[in-house]
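Here is how the chains run, residue by residue.
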Amino acid sequence: MLSPQQRLLSTKLSKQSSLSLPLHTQLAMASLLQPNARNHEPNQNSKTLSSTVLELEIINTPMQSNRGGNVVVRTMGDEDGVFLTWEDLWVTVNGKKGSKSILEGVTGYARPGELLAIMGPSGCGKSTFLDTLAGRLGSNTRQLGEILINGHKQKLAFGTSAYVTQDDTLMTTLTVREVVYYSARLQLPDSMSMSEKKERAEMTIKEMGLQDAINTRIGGWGAKGISGGQKRRVSICIEILTRPKLLFLDEPTSGLDSAASYYVMSRIAKLDQWDGIRRTVVASIHQPSSEVFQLFHNLCLLSSGRTVYFGPASEATEFFASNGFPCPTLQNPSDHFLKTINKDFEKDLEKGSDGGIPTEEAIESLKKSYKSSKTYQQVQRQVAEICKQDCGTLQMKRSHGGFVTQCLVLTKRSFMNMFRDLGYYWLRLAIYVAIAIGLATVFNDVGYSYGSIQARSSLIMFVSSFLTLMSIGGFPSFVEDMKIFERERLNGHYGTGAFVIGNTFSALPFLLVISLIPGAIAYYPPGLQRDAEHFLYFAAVLFVCMMLVESLMMTVASMVPNFLMGIITGAGIQALMVLGGGFFRYPNDLPKPFWRYPLYYIAFHKYAFQGLYKNEFEGLTFPRDNAGGPINLRGEEILRDTWQVEMSYSKWVDLAILLGMVALYRLLFLVIIKTIENVKPTVASFMSARSKQTPQVMVNPFSTPMHVGTIQQS
Ligand SMILES: Nc1ncnc2c1ncn2[C@@H]1O[C@H](COP(=O)(O)OP(=O)(O)OP(=O)(O)O)[C@@H](O)[C@H]1O
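Each chain has its residues counted from 1, running along the sequence as written. Note on the predicted model: pLDDT of at least 70 is required for a residue's local features to be given, and 80 or more for side-chain atom pairs to be given and counted; whole-chain, interface and lining totals, by contrast, use all residues. For the side-chain quantities, the full set of heavy atoms in the structure was used; hydrogens and water were omitted.

1. Describing the side chain of Gln 574
Starting at the N terminus, helices and strands are each numbered in turn, a helix being any DSSP run of H or I of at least four residues and a strand any DSSP run of E of at least two. Position of Gln 574 relative to the elements: it lies in helix α22 (residues 563–579). Here, two residues are considered to be in contact whenever any of their heavy atoms come within 4.5 Å of each other. Residues within four places of Gln 574 in sequence aside, it is in contact with Leu 469, Ile 472, Val 549, Leu 552, Met 553, Phe 604 and His 605.

Below, the structure is given as structure tokens:
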């Protein structure tokens, strides 16, 4: 930790900062100028800090020679920070009308202890740029250019980087405290005690000025909770809990007033004060106030994906002025820059927004001027220097909560969400009770006559197909869970396995209640077999079938892009299964190629029908009038000869097969997610490698993209 004198000195140096003397160097110099920098007072953070700024050396690196005699002071702790460089970055998107360039030859760097702001008019490619740096580009995009971390092509491990996306995907039923605390328990290592995690969560909440809203629910559709700006801050809280070394923020201040924007940004800029580790922050931002603007070390100004300016933020005003666009007195520089390069709202395309030269021309002139400027040359040199420096590859630290902790926390969090969300299970329970009452009245006391055979079979068919199909009603809530899972998974908070386990166990109590209460209402009034074993089997099949539908919908959710397509696909698959399950056409009458083989065996309804048929008909007899007098038909005969039920195995085998299907669908979900995660980067590399050969976008030799999103996780 720097002493107060060191800090003061580094602040002074920072005020005189230039591109050739970055902040980390200034901090190091501040330490160097302190005679007893090595003999620092140990404090509570000394363990973390010991590896940062204490050991100093004056090094003779390529940086030194390139800077024409600048003394470069590097700290031994530099290997702790993240130097990010990107060179000649191109991103194209493939649409119906061909491919369109979103980023065109962007070059730059981000260094530890510095805040890089990405600015530009709406739609200029800021989010795409951040996604590219974070390795999160969509599958329809192609990327060219080189992104290096500490001069190496490498993946970033969990805890090293974090990305606060533009959307605030949060669990709406939880309070601010709960959201951040659960996240702390998931992300922070098991070696930290619960109270330490709680303390970290509370401290982070306070840092983001959310102490007054700490017990307010996030809120969402139909239930107002915290404001949009507060949600933004909660999202930031979650991602800074682990104190990542590399932080991407997509519009962190949207929805915040100017004072809140300043406080949030200044706290982000000062993240290193928490533990002395310098952080690399890259943030896209729309409307920074002058005060916020002063917090930026470097500025990357984009227009239609091309660099208008990249360099020290403090020199941008001078750059604009020297090119004929001086910032009017009392005008916020960032407003001036954006106004100068925004061509979306020109009243008259012949004239610029200020009645001067057309904006397109202004942009072209700025771009040309930037390319021939000293700043541009310095940036190129800086990138080359950083790439040459051997800062070492980043350590792949895996310090999140262990698998058991993740499973426990996710189960608890998911249970709480299901409990509080009326639409998840409670509404379903009410609807099930209503339907069960309907069944109880329609099939009331079916008796044991010959006609009761049809009534029993219809009741069973309704329960095993339509009642289970109703479980699709939980899909919208599950889709919301999936959005949160996707965000957290991309940031490496936990693994897919922990999510599946958490979701499975948290749903069990609700499904149990639904299968027992509405199950009993639908079972006893019609007069089905009275003993407890028969009822429990009936409830068990209902329970497993509901789980099966949820598991099936989980698998569907992993493959379709949105909620509507998920509902339609899920309902369609189940309708086909009901049709091929052996009720509407007897098994032997099903057409062979598709319906009999394989659908009849894949459809879980087959096992549900047959298990419930066996449960009900075995042991019963039904009188039938015959020409020679009434005869008693045995239930087993009806099952075998009429319903064509497979009698070679017991009803318990049917139940076991259903349970196996639940496990299979959940496993399938896991495999699909894992496959997508593993295959996507390979496909992206392959596609980009192919585009490398396309002449119009052929620039630097392509390198495998970095995949921050592909977290090293279990
Ligand atoms: N996957 C994609 N498919 C099609 N077009 C895309 C895709 N990604 C980005 N674009 C287009 O690229 C352009 C830049 O989008 P991007 O979201 O990066 O802009 P932005 O600067 O972040 O905008 P805003 O400030 O409004 O959020 C837009 O015109 C957008 O429509």
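2. Describing the UniProt feature "transmembrane region" (unreviewed entry) in the protein
Per the UniProt annotation, the sites labelled "transmembrane region" (unreviewed entry) are residues 422–443, 455–479, 500–523, 535–556, 563–584 and 652–673. A helix fraction of 100% and a strand fraction of 0% characterise residues 652–673, whose end C-alpha atoms lie 32 Å from each other. UniProt positions are given in the numbering used here, feature names are shortened, and annotations may be inferred rather than shown by experiment.

3. Quick look at the packing of helix α18 (residues 452–469) against helix α24 (residues 604–617)
Helix-helix packing is described using two parameters, namely the angle between the two axes and the distance between the axes. Running from N to C, α18 and α24 cross one another at 145°; their axes reach a closest spacing of 10 Å. The interaxial crossing formed by α18 with α24 has right-handed handedness. Along the contact surface, α18 presents Ile 453, Arg 456, Ser 457, Ile 460, Met 461, Ser 464, Ser 465 and Thr 468, while α24 presents Phe 604, His 605, Ala 608, Phe 609, Leu 612, Tyr 613, Glu 616 and Phe 617. Residues are grouped as follows: nonpolar covers Ala, Val, Leu, Ile, Met, Phe, Trp, Tyr, Cys and Pro; charged covers Asp, Glu, Lys and Arg; every other residue, Gly included, is treated as polar. Each residue belonging to the contact of α18 with α24 can be placed in one class, and the counts come to nine nonpolar, five polar and two charged. For every element, the axis is a line fit to its C-alpha atoms; helices are fit only across the contacting stretch, and the angle between N-to-C directions ranges from 0 to 180 degrees. Left-handed is the label given to a crossing in which the near helix is rotated counterclockwise from the far helix by less than a right angle, and right-handed is the label when the rotation is clockwise.

4. Brief notes about the packing of aromatic side chains
Here the aromatic set is Phe, Tyr and Trp, taking the six-membered ring for Trp, and pairing holds for ring centres within 6.5 Å; pairs whose planes are under 30 degrees apart are stacked, those over 60 apart are edge-to-face, and all others are tilted. Summed over all chains, the structure comprises 42 aromatic pairs. Ring centres of Tyr 537 and Trp 652 lie 5.0 Å apart, and the angle between their planes is 85°; this geometry places the pair in the edge-to-face category. Of this pair, Tyr 537 sits in helix α21 (residues 532–559) while Trp 652 sits in helix α26 (residues 651–691); the two residues are 115 residues apart in sequence, bridging distant segments of the chain. Of the aromatic side chains, those joined through ring pairs into one cluster are Phe 293, Phe 296, Tyr 309, Phe 319, Phe 320, Phe 337, Tyr 370 and Tyr 376. Both a distance and an angle decide whether a charge sits over a ring: NZ of Lys or CZ of Arg must be within 6 Å of the ring centre and within 35 degrees of the ring normal. Positioned over the ring face of Tyr 181 is Lys 198, at 5.4 Å from the centre of the ring.

5. Comments concerning unusual backbone geometry
Going from Tyr 597 to Pro 598, the amide bond is cis rather than trans, its omega being 10°. Unlike most non-glycine residues, Asp 88 shows phi in positive territory, near 45°. Of note, Asp 88 is situated in strand β3 (residues 84–95). Phi at Arg 243 is positive, roughly 55°, even though this residue is not glycine. Among the secondary structure elements, Arg 243 is positioned in the loop between α8 (228–240) and β8 (246–250).

6. Thoughts on helix α16 (residues 403–420)
Here, expected helix span is obtained from the residue count minus one, scaled by 1.5 Å. Counted at 1.5 Å a residue, the expected span for α16 with its 18 residues is 26 Å, and the 26 Å between its end C-alpha atoms agrees. Along α16, the positions that sit buried rather than exposed are Thr 405, Gln 406, Cys 407, Val 409, Leu 410, Thr 411, Arg 413, Ser 414, Asn 417 and Met 418. Packed against the buried residues of α16 are α6 (176–187), α17 (422–442), α19 (475–490) and α20 (496–523). Burial classes follow relative accessibility: with a 1.4 Å probe on protein chains only, a residue under 20% of its type's maximum area counts as buried, one over 50% as exposed, and anything between as partly exposed.

7. A closer look at the pattern of salt bridges
Within this document, salt bridges are pairs made up of a side-chain nitrogen of Lys or Arg and a carboxyl oxygen of Asp or Glu, the two lying within 4 Å of each other. Enumeration according to the criterion identifies 19 salt bridges in this entry. Salt-bridge contacts for Arg 487 lead to Glu 239; the nearest nitrogen and oxygen are separated by 3.4 Å. You can see Arg 487 sitting in helix α19 and its partner Glu 239 sitting in helix α8, a full 248 residues away along the chain. Neither Arg 487 nor Glu 239 differs from the other in exposure class; each is buried. Ionic pairing is found between Arg 634 and Glu 636, a salt bridge with its closest N-O pair at 3.7 Å. For Arg 634, a relative accessible area of 42% translates into the label partly exposed.

8. Overview of the sheet that holds β3
What the three strands build is an open sheet, ordered β4-β3-β6; its pairing is antiparallel. The open sheet has two free edges, formed respectively by β4 (98–110) and β6 (141–149), since each of these has just one partner strand. Taking each pair of neighbouring strands and ignoring which way they run, the sheet shows an average axis angle of 10°. Here, a strand pair is defined by DSSP locating no fewer than two bridges between the strands. Direction of pairing for β3 relative to β4: antiparallel, over a ladder of nine bridges. Bridge pairing links Val 93 to Lys 100 in β4. The strands touched by helix α5 (residues 126–133) are β3, β4 and β6; relative to β3, the strand with the most contacts, the crossing angle is about 115°. Of the strands in this sheet, β3, β4 and β6 touch helix α15 (residues 374–388), which is tilted by about 75° from β4.

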